[in-house]
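Residues per chain are reported as follows:
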Amino acid sequence: MNKVIEALVNTGQWGENDVILGIRAGFKCEYCDKDLLASVDNYKEWQKDHIIPLSKGGEDINENIAISCKTCNVNIKGRWNPADESTPENLTRQELITIVREYGIRRRTQMLNDVCLFRKIVFTK
């Protein structure tokens with residue numbers, strides 16, 4: 001067993017598969033690159049996301065799981081299915097993650113526009 005896997009599992013706070021997924025992701029959100037070990041707040045956002053949601057026919061296997069921050073998983077992607085983006089079938093895991101990343105950029109831009117409008121309403125005298 002890899003020394004990092006063994007050491008994290010030995011803390012009693014990590015499962016072996018979570019460590020394996022974390023190593024694959026570089027312990028960052030695979031959608032926005034947030035470093036999930038940079039702070040307590042970031043670490044508490046650690047989630048596993050089914051890239052293709054189970055409700056849309058995705059499988060509960062590591063190939064269909066991405067490490068994600070809570071913001072990307074819940075507020076940005078939710079149950080949205082990247083395979084619905086008028087793309088060819090049989091996309092690779094990395095291609096699906098790229099589609100989610102691009103979707104996240106679009107959603108964040110929309111949300112930023114909303115926040116700017118709200119700030120203008122709240123703070124304009």
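Preceding this section is the structure that the text describes.
All right, on to helix α2 (residues 16–25) then. Turning to α2, its buried residues are Val 19, Leu 21, Gly 22 and Ala 25. When α2 is viewed along its axis, its buried side chains cluster within an angular range of 165° and face the same direction. A positive backbone phi angle near 70° is found at Gly 26, which sits one or two residues after α2.

Following both chains from N to C, one finds helix α4 (residues 70–77) and helix α5 (residues 93–123) inclined at 70°, their axes separated by 10 Å at the closest point. In this view, α4 runs roughly perpendicular relative to α5, as classed from their interaxial angle. Contacts between α4 and α5 involve Thr 71, Cys 72, Asn 75, Ile 76 and Lys 77 on the former and, on the latter, Val 100, Tyr 103, Gly 104, Arg 107, Arg 108 and Met 111. A class-by-class count of the residues in the contact of α4 with α5 yields five nonpolar, three polar and three charged.

In this section: unusual backbone geometry. With a phi close to 60°, Phe 27 is a non-glycine residue in the positive phi region. On the basis of relative accessible area, Phe 27 is assigned to the buried category, the value being 13%. One non-glycine residue, Asp 33, lies in positive phi territory at about 70°. Structurally, the position occupied by Asp 33 is in the loop between α2 and α3 (40–43). Taking the relative accessible area as the measure of exposure, Asp 33 reaches 42% and is therefore partly exposed.

This brings us to the state of the cysteines. Overall, the coordinates contain zero disulfides when judged by the stated rule. The cysteine Cys 29 is free of any disulfide, with Cys 32 supplying the nearest cysteine sulfur at 3.7 Å. A relative accessible area of 1% places Cys 29 in the buried class.

Let us now look at the packing of aromatic side chains. If you walk through the whole model with that rule in mind, you get five aromatic pairs. Consider the rings of Trp 14 and Trp 46, whose centres lie 5.2 Å apart with planes at 85°: the pair is edge-to-face. With Trp 14 in the loop between α1 (3–10) and α2 and Trp 46 in the loop between α3 and β1 (47–50), this residue pair connects regions lying 32 residues apart in the sequence. Taking relative accessible area as the criterion, Trp 46 reaches 16% and is therefore assigned buried. Cluster of aromatic residues (ring-pair linked, three or more members): Trp 14, Phe 27, Tyr 43 and Trp 46.

This next bit is on α1. Where α1 begins, one side-chain oxygen reaches toward the backbone nitrogen of Val 4, 2.7 Å away; that side chain belongs to Asn 2. Positive phi shows up at Gly 12, right after α1, with a value of about 80°.

Cut-offs used in this document
- Residues numbered from 1 in each chain as written.
- Predicted model: local features only at pLDDT ≥ 70, side-chain atom pairs only at ≥ 80, totals over all residues.
- Heavy atoms only, no water.
- Buried < 20%, exposed > 50% of the residue type's maximum accessible area, 1.4 Å probe, protein only.
- Helix = DSSP H or I, 4+ residues; strand = E, 2+ residues; numbered from the N terminus.
- Arc of directions from axis to C-beta.
- Axes fitted to C-alpha atoms, helices over the stretch in contact; angles between N-to-C directions.
- Parallel < 35°, antiparallel > 145°, perpendicular 65-115°, else oblique.
- Contact = heavy atoms within 4.5 Å.
- Nonpolar A, V, L, I, M, F, W, Y, C, P; charged D, E, K, R; others polar.
- Disulfide = S-S within 2.5 Å.
- Phe/Tyr/Trp six-rings, centres within 6.5 Å; stacked < 30°, edge-to-face > 60°.
- Polar contact = N/O pair within 3.5 Å; in protein donor to acceptor, adjacent residues only side chain to side chain.

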